[in-house]
Amino acid sequence: MAKKILVTGGTGYIGSHTVVELQASGYDVVVVDNLSNSSIDVLDNIEKISGIKPQFENFDLADSAKTSDFFARNAGIEAIIHFAAYKAVGESVGVPLNYYRNNLVSLMNLLDCQRKFNVPNIVFSSSCTVYGQPEVLPVTEATPRKDAESPYGNTKRVSEDILNDSIAAYPEIKGIALRYFNPIGAHPTALIGELPLGVPQNLVPFITQTAAGLRDELKVFGNDYDTIDGSAVRDYINVVDLAKAHVIAIERLLEGKNKKNYEIFNLGTGTGLSVLEVVTGFERATGVKLNYKIVDRRAGDVEKIWADTTFANEELGWTAEKGLDETLLSAWNWEKKVRGIK
Ligand code: NAD
Ligand code: WQD
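Residues numbered from 1 in each chain as written. Chains lettered and ligands numbered in written order. Predicted model: local features only at pLDDT ≥ 70, side-chain atom pairs only at ≥ 80, totals over all residues. Heavy atoms only, no water.

**A look at the site of ligand 1**
Close to ligand 1 lie 27 residues; Asp33, Asn37, Ser38, Asn102 and Tyr152 are nearest. Serine 38 places a polar side-chain atom, nitrogen or oxygen, 2.7 Å from an oxygen atom of ligand 1. Listing elements by their share of the shell around ligand 1, those giving two or more residues are helix H1 (13-24), helix H5 (96-116), strand S5 (121-127) and helix H6 (151-169). The element contributing the most residues to the shell around ligand 1 is S5, with three residues. Considering only residue class, the shell around ligand 1 consists of 11 nonpolar, 12 polar and four charged. (Near = heavy atom within 4 Å. Polar contact = N/O pair within 3.5 Å; in protein donor to acceptor, adjacent residues only side chain to side chain. Helix = DSSP H or I, 4+ residues; strand = E, 2+ residues; numbered from the N terminus. Nonpolar A, V, L, I, M, F, W, Y, C, P; charged D, E, K, R; others polar.)

What follows is the structure in structure tokens.
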């Protein structure tokens, strides 16, 4: 019988791509999402890609009674992939309690239920934000974490601590934290992708919305960094590549291939690209000219960061495969689909 996996936040950006990859690998996927940052239509689009509509429940994972009731009614879940969280860095500064409550209480409720209902495995969405501006590049998993720049970033740091301490105390739970660098792009079918509410904060959605005419111009935040062209450098990872790493992490836990009860992996390409390189890449990949101007640095931004992916490559046998142009083209095709542009 197919192994049952709970994907929290499974109608969201990274979650939806991961549901598709899990289904393609033969898993029986159950999605829980309260639709606070996603749409129910995503389930139909997942079905268009995979031929399977995942089982779905809409509730808030920060509600412990509802979360417990869900597990009581859904026996046989073998692993959880926990994507559900609020993720807007800027917003988190104004409403920190919303972020701490949502992101930390959800995780703690799930860990409680893992113990109570014998669900042994969890894969957690962490972030390269836990490294801040590292002293040495590229960053390995052993690079020291820095104090977070935002309440959102701190929820990721504290969530990692909660996982570490809980797994140390309760050996029946095993976990993997995946530290994503900058996920971008969309599914090659253009049926699922990133749907930011309001003005996008992240680079690639802002680029595609500018190209689509929703924004007048892209503001490039800073050109006086110590980088190849003065703009800030990040490690942009294709969302489908990222989704596939989750399937491998699940297999690792289910097959007992993990070397420790709690493991951490960086998920990136291993290559740093500047903002201006992404802009040029977008123009090259799509043939669309982008209106942009250089403005001041954005508060809280790090200058440069990219991943050392050796540990993920060697231990997981996973490598990011998709190139920048293919990825940016997928983001543009998704934007065009959403806006009805031919
Ligand atoms: P997303 O907002 O698209 O998806 C998160 C989903 O979780 C949404 O569908 C939302 O409705 C749901 N959700 C939020 N709180 C919930 C709750 N209490 N109960 C039930 N559902 C809830 O975000 P994403 O980009 O897919 O990110 C997924 C995870 O990856 C998050 O934990 C995020 O912090 C982490 N992450 C994202 C990035 C990125 O740049 N996108 C980078 C690093 C880490
Ligand atoms: C990328 C680069 C901007 C928008 C954020 C979170 C991080 C993680 C990933 C979740 C930066 C520049 C952006 C724009 C620009 N998320 N930029 N003009 O800041 O690396 O990381 O998302 O964990 O925690 O902080 O990503 O896409 O916002 O920015 O010039 O309109 O693009 O300054 O150099 P960031 P981003």
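**A word on empty space enclosed by the protein**
In total, this model carries one cavity of 30 Å³ or more according to the counting rule given. Roughly 90 Å³ of volume is contained in the largest cavity. Surrounding the largest cavity, Tyr13, Ile184, Gly185, Ala186, Glu194, Val204, Pro205, Thr208, Ala331, Trp334 and Glu335 form its lining. Those elements giving two or more residues to the lining of the largest cavity turn out to be helix H7 (203-211) and helix H11 (324-339). Classifying every residue of the lining of the largest cavity gives seven nonpolar, two polar and two charged. (1 Å grid on protein atoms, 1.4 Å probe; cavity = no way out; pocket = protein on both sides within 12 Å on 5 of 7 lines; lining within 4 Å. Points joined across faces, edges and corners; volume = space filled by probe spheres on them.)

**Side note on the pairing of strand S6 (residues 174-180)**
Of all the seven residues making up S6, six are buried; the element is thus mostly covered by neighbouring parts of the structure. Pairing of S5 with S6 involves seven bridges; the strand directions are parallel. Looking across to S6, one finds that serine 126 is bridged to arginine 179. Read as a crossover between parallel neighbours, the route from S5 over H6 to S6 is right-handed. (Buried < 20%, exposed > 50% of the residue type's maximum accessible area, 1.4 Å probe, protein only. Pairing = 2+ DSSP bridges. Right-handed = clockwise from strand over helix to strand, strands pointing away.)

**Points about the site of ligand 2**
Around ligand 2 there are 19 residues in total, and Ser127, Tyr152, Lys219, Arg234 and Asp301 lie nearest to it. Here an oxygen atom of ligand 2 sits 2.5 Å away from a polar atom, N or O, in the side chain of arginine 234. Coverage of ligand 2 by the protein amounts to 88% of the 690 Å² it exposes when considered alone. Counting only elements with at least two residues in the shell around ligand 2, the list comes to H7 and strand S8 (218-221). The greatest single-element share of the shell around ligand 2, amounting to four residues, is contributed by S8. Of the residues that constitute the shell around ligand 2, the class distribution is 10 nonpolar, five polar and four charged. (Areas by Shrake-Rupley, 256 points an atom, 1.4 Å probe, with all protein chains shown as cover.)

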